Amino acid sequence: MSGPLPLVFDAPRRATPPRHFADLDDAGRAAAVAELGLPAFRGKQLANQYYGRLIADPHAMTDLPAGVRDQIADAMFPRLLDAVREIECDAGETRKMLWRAVDGTTFESVLMRYPDRNTVCISSQAGCGMACPFCATGQGGLMRNLSTAEILEQVRAAAVELRDRDHGRLSNIVFMGMGEPLANYNRVLGAVRRIVAAPPHGFGISARSVTVSTVGLAPAIRKLADERLNVTLALSLHAPDDELRDTLVPVNTRWKVGDALDAARYYADVTGRRVSIEYALIRDVNDQPWRADLLGKKLHGSLGPLVHVNVIPLNPTPGSEWDASPKPAEREFVRRVRERGVSCTVRDTRGREIAAACGQLAAEG
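This one's a predicted model, so the numbers in the text were calculated from it and none came from an experiment.

Turning our attention to the overall build of the chain. What the chain contains, in helices and strands, is 11 helices and 12 strands. The C-alpha radius of gyration computed for the chain amounts to 21 Å, which stays within 12% of the reference 21 Å derived for 365 residues, consistent with globular compactness. Along the first, second and third principal axes, the C-alpha set of the chain runs to 70 × 40 × 40 Å. Within the chain, the proportion of its 365 residues that are buried is 58%. Long-range pairs, those at least 24 residues apart, make up 68% of the contacts in the chain with a sequence separation of at least 6. Taken as a whole, the chain presents about 15100 Å² of accessible surface, with 49% of it coming from carbon and sulfur. If you average the places of the 46 positive and of the 44 negative side-chain charges in the chain, the two averages end up 3 Å apart.

Now the structure itself:
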């Protein structure tokens, strides 16, 4: 097993995406409308069209005067993303979209339809700088951060597809696509605020239905707690001991298991929300019974009832020699974690055959 790779928190400098309506908060929208010499109420109209009716083309906004639509389109609704390729599996219930930004950067999102909910898994960065060796995204490196609008356009596109395809409604959003969300903190925070705000200020998704994942950037976890947004925090732990986690999750060389769990406890205390612990189970690497016991012991001691473990059977990635643990080992791991008084289940994996499952997103054109 190779040693930890260097971490990349700052994305390489690339062309900045053009300013888009979705990048703007209420004050920013008011200022942008004023810059165009338009009455203030136009800002609310635009917000209602974008967030309420899911329309991003001013030429289709029928409550706008025809004479100002070109002006608004040029100034506030530039072209951001093109859908390059869409593939599906699970009888159409799982669909992966490859997006290309105006600077050529590519990234992916995944829409998953379930009997009781519709979930979109969105990217916050093009690539990832965290260098986790079992993750295709991490091995590809970081290209750049996504803008708030590029993040929100993934959400809007999923909502439009569900509405137009079968009158469905987007209910859940998980920041578990490409990238480390808390390494793009300000833009992700802006996106989350507009996801949970009620129309016309945002999409109106319940904060309890939004999950922000992280590999354990402890200061950013505490900062997110203090925002009081009360979204679900998912901590990708993958090992209960520092020796192994230093290799599996290289950010552990900066913030150890104890640091990440202390930050997670702070998040749970401030928000009252149960923290989700993600654990990719890898054959003969992190699936030993003693590690299950140690995981259960540490989580019970640090988070008590405010924790749930999601065991994720490792998904195959190109060039990796690792694979998922056998089912008997998986069952024993779950049993031992539960024996320590910690809630633990195995995640229902979707999209593996189209490289759309956890750790498989690589945005290959």
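In this section: helix H9 (residues 257-271). In a regular helix each residue adds 1.5 Å, so 15 residues correspond to 21 Å; H9 covers 21 Å between its end C-alpha atoms and thus fits that length. Every buried residue of H9 is listed here: Val257, Ala260, Leu261, Ala263, Ala264, Tyr267, Ala268, Val270 and Thr271. Against the buried residues of H9 lie helix H7 (218-226), strand S9 (232-236), helix H8 (242-248), strand S10 (275-281) and helix H10 (289-302). Backbone geometry just after H9 places Gly272 at a positive phi near 75°.

With that settled, the discussion passes to the pairing of S9. Among the five residues of S9, five are classified as buried, and the element is accordingly described as predominantly covered. In S9, alternate side chains face the same way, and those of Thr232, Ala234 and Ser236 on one face and Leu233 and Leu235 on the other are all buried. Bridge analysis of strand S8 (residues 210-214) against S9 gives four bridges, and the strand direction is parallel. Looking at the pairing, Ser213 lines up with Ala234 of S9. In this region the chain leaves S8, passes through H7 and returns to the parallel neighbour S9; the handedness of that crossover is right-handed. In this structure, S9 lies alongside S10, joined through three bridges in parallel fashion. Bridge pairing in S10 links Ala234 to Ser276.

Here we come to the environment of Leu314. Mapping Leu314 onto the fold places it in the loop between strand S11 (307-313) and helix H11 (327-339). The exposure class assigned to Leu314 is buried, which follows from its relative accessible area of 7%. In this structure, the C-alpha to C-alpha distance between Leu314 and Ile221, residues 93 residues apart in sequence, is 25 Å.

The subject of this paragraph is the pairing of strand S2 (residues 94-101). With seven of eight residues buried, S2 lies mostly within the body of the structure. When strand S1 (residues 81-89) meets S2, the two strands line up antiparallel, connected through eight bridges. Pairing of Ile87 across the sheet is with Lys96, part of S2. Linking two consecutive strands that pair antiparallel, namely S1 and S2, is a turn of four residues; a positive phi of about 55° is found at Asp90 within it. Pairing analysis gives seven bridges linking S2 to strand S3 (residues 106-113), with the strands arranged antiparallel. Considered in S3, the bridge of Leu98 is made with Glu108. Counted along the chain from S2 to the antiparallel partner S3, the turn is four residues long, and its residue Gly104 has a positive phi close to 90°.

Moving on to helix H5 (residues 148-166). With 19 residues, H5 extends 28 Å from end C-alpha to end C-alpha; this agrees with the ideal 27 Å at 1.5 Å per step. Across the 19 residues of H5, 14 count as buried, placing the element largely inside the fold. Trailing H5 by a residue or two, His167 shows a phi angle of about 60°, which is positive.

Moving on to the nonpolar core. Note that soluble globular proteins tend to have their nonpolar side chains buried in a common cluster. Ranked by internal contacts, the top residues of the largest apolar core, which has 106 residues, are Met76, Phe175 and Val309. Here Val309 is in contact with Ile277, Tyr279, Leu295, Leu299, Val337, Val342, Ser343, Cys344 and Thr345, once residues within four sequence places are set aside. Grouped together as the second largest cluster of nonpolar side chains are five residues, Val110, Met112, Tyr114 and Val174 included.

This part covers unusual backbone geometry. With an omega dihedral of 10°, the bond running from Pro199 to Pro200 counts as a cis peptide bond. Looking at the element boundaries, Pro200 is found in the loop between helix H6 (185-196) and S8. Located in the positive-phi region is Ala91, a residue other than glycine, with phi close to 55°. Non-glycine residue Arg228 carries a positive phi angle of around 60°. In this fold, Arg228 is placed in the loop between H7 and S9. We classify Arg228 as exposed; its relative accessible area is 55%.

Reading guide: rules and limits
- Residues numbered from 1 in each chain as written.
- Predicted model: local features only at pLDDT ≥ 70, side-chain atom pairs only at ≥ 80, totals over all residues.
- Heavy atoms only, no water.
- Helix = DSSP H or I, 4+ residues; strand = E, 2+ residues; numbered from the N terminus.
- Rg over C-alpha atoms; globule rule 2.2 N^0.38 Å.
- Buried < 20%, exposed > 50% of the residue type's maximum accessible area, 1.4 Å probe, protein only.
- Contact = heavy atoms within 4.5 Å.
- Areas by Shrake-Rupley, 256 points an atom, 1.4 Å probe, with all protein chains shown as cover.
- Lys, Arg positive; Asp, Glu negative; His and termini not counted.
- Charge placed at Lys NZ, Arg CZ, Asp CG, Glu CD.
- Expected span 1.5 Å × (residues − 1).
- Pairing = 2+ DSSP bridges.
- Right-handed = clockwise from strand over helix to strand, strands pointing away.
- Core = buried A, V, L, I, M, F, W, Y, C linked by side-chain atoms within 4.5 Å.

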